[in-house]
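# Summary of structural features
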Amino acid sequence: MEPAQLARLKEDFADYFQIEHSIAINAQPYSGDGDALTEDDFLELMPEPFRLASEMVQLNSSSIRNLSRLGDAADELSRYLQQLAKKVDMMMHYILQQQDQAEHRYHTISYGGSGLCLRSKQALPEGEWLQLKVFLAHGEGAVFCLGQVLESRPMADSGDCQVDVVYRHIRELDQELIVRASLHEQTRQLKLKKEQRDASY
């Protein structure tokens with residue numbers, strides 16, 4: 001990778017907040033030319049369950065948002081649709097979990113809207129393209145994208161490596177899903193810290 005391109009990708013990687021949190025991901029080398037990949041090529045590469053899941057989330061939120069404009073008369077219908085959407089989300093979560101392949105499984109150290117840091121037993125080559133399946137916690141969905149390795153460095157607490165990966169091909173709605181999930185996780189972590197502080201007084 002050219003130094004100028006690496007510097008630009010590192011800037012992209014720093015664009016979004018990252019939350020320290022371990023979630024399961026799958027990462028495997030992508031053998032194609034990622035730089036030449038078109039949006040249509042990327043969508044063809046995406047496993048069907050990932051495409052369906054994010055489209056269903058978008059449809060659910062759009063439908064419920066439209067109902068809210070009807071006022072009080074729509075409250076009961078809105079509650080019903082939210083329950084229905086929750087059932088569909090649970091079913092999609094189960095289907096997406098079947099996409100998790102143990103032989104390609106890693107865990108994140110942190111993640112956010114521009115990329116993730118994963119823990120690996122060995123360094124991954126700088127510039128290597130990866131197919132990523134990101135399985136968000138608490139049933140918040142899963143995302144398929146292509147990333148590129150920025151750097152690998154030894155971790156002080158173990159013989160493992162921290163590998164920084166920037167997203168290179170990701171749908172906007174999937175990026176938004178990851179951002180929302182990271183913010184929800186931050187809220188959970190802050191709430192837990194507050195409860196621990198309160199309990200220690």
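Each value, and the rule that gives it
Residues numbered from 1 in each chain as written. Predicted model: local features only at pLDDT ≥ 70, side-chain atom pairs only at ≥ 80, totals over all residues. Heavy atoms only, no water. Helix = DSSP H or I, 4+ residues; strand = E, 2+ residues; numbered from the N terminus. Buried < 20%, exposed > 50% of the residue type's maximum accessible area, 1.4 Å probe, protein only. Contact = heavy atoms within 4.5 Å. Lys, Arg positive; Asp, Glu negative; His and termini not counted. Charge placed at Lys NZ, Arg CZ, Asp CG, Glu CD. Salt bridge = Lys/Arg side-chain N within 4 Å of Asp/Glu carboxyl O. Expected span 1.5 Å × (residues − 1). Core = buried A, V, L, I, M, F, W, Y, C linked by side-chain atoms within 4.5 Å. Pairing = 2+ DSSP bridges. Polar contact = N/O pair within 3.5 Å; in protein donor to acceptor, adjacent residues only side chain to side chain.

## Section: the overall build of the protein chain
Looking only at helices and strands, one finds five helices and seven strands in the protein chain. Each helix (α) and strand (β) of the protein chain, taken in turn from the N terminus, gives the series α-β-β-α-α-α-β-β-β-β-β-α. C-alpha extents for the protein chain along the principal axes are approximately 60 × 55 × 30 Å. In the protein chain, which comprises 201 residues, the share counted as buried stands at 41%. Across the protein chain, contacts joining residues at least 24 apart in sequence account for 73% of those joining residues at least 6 apart. Positive and negative side-chain charges in the protein chain, numbering 21 and 32 respectively, have mean positions lying 8 Å apart.

## Some details on the side chain of aspartate 160
Structurally, aspartate 160 is set in the loop between β6 (142–154) and β7 (161–169). If sequence neighbours within four positions are ignored, aspartate 160 has contacts with Arg119, Ser120, Lys121, Arg153, Pro154 and Met155.

## Let's talk about the pattern of salt bridges
Overall, the coordinates contain 14 salt bridges when judged by the stated rule. In this structure, the salt-bridge partner of lysine 10 is glutamate 151, at a minimum N-O distance of 4.0 Å. Taken together, the residues lysine 10 in helix α1 (residues 3–13) and glutamate 151 in strand β6 connect sequence positions 141 residues apart. On the basis of relative accessible area, lysine 10 is assigned to the partly exposed category, the value being 35%. In this structure, the salt-bridge partner of aspartate 164 is arginine 153, at a minimum N-O distance of 2.8 Å. Placement of aspartate 164 in strand β7 and of arginine 153 in strand β6 is noted, with a sequence separation of 11 residues between them. Accessibility expressed as a relative area gives 30% for arginine 153, which makes it partly exposed. Bridged by salt links that share partners, the residues Lys10, Glu151, Arg153 and Asp164 form one connected network.

## Quick word on helix α4 (residues 75–97)
The end-to-end C-alpha separation of α4 is 33 Å, in line with the 33 Å expected for 23 residues at 1.5 Å each. If you check which residues of α4 are buried, you get Ser78, Ala85, Met92 and Leu96.

## So, the nonpolar core
If you look at the biggest cluster of nonpolar residues, it comprises 23 residues, and the most contacted ones within it are Leu116, Leu132, Val134, Leu136 and Val165. Secondary structure elements with two or more residues in this core: β2 (24–29), β4 (115–120), β5 (129–135), β6, β7 and α5 (172–200). Every residue in contact with valine 134, bar those within four places of it in the chain, is listed here: Ile23, Ala24, Ile25, Leu116, Gly141, Ala142 and Val143. Among the nonpolar cores identified, the runner-up in size contains 13 residues, and Tyr30, Met92, Trp129 and Ala142 belong to it.

## As for the pairing of β4
Burial within β4 is extensive, with five of its six residues counted as buried. Pairing of strand β3 (residues 105–112) with β4 involves four bridges; the strand directions are antiparallel. Looking at β4, one finds that threonine 108 is bridged to leucine 118. Connecting the antiparallel pair β3 and β4 is a turn made up of two residues. Both β4 and β7 contribute to a ladder of six bridges, which runs antiparallel. For serine 120, the partnering residue across the bridge sits in β7 and is cysteine 161.

## A look at the environment of threonine 108
Within the fold, threonine 108 resides in strand β3. The sequence separation of threonine 108 and serine 182 amounts to 74 residues, and the corresponding C-alpha distance is 12 Å. Contact partners of threonine 108, with chain neighbours within four places excluded, come to His21, Ser22, Ile23, Ile25, Leu116, Cys117 and Leu118. At 2.7 Å, the side chain of threonine 108 and the backbone oxygen of histidine 21 are in polar contact. At a separation of 2.9 Å, a polar atom in the side chain of threonine 108 contacts the main-chain amide nitrogen of isoleucine 23.

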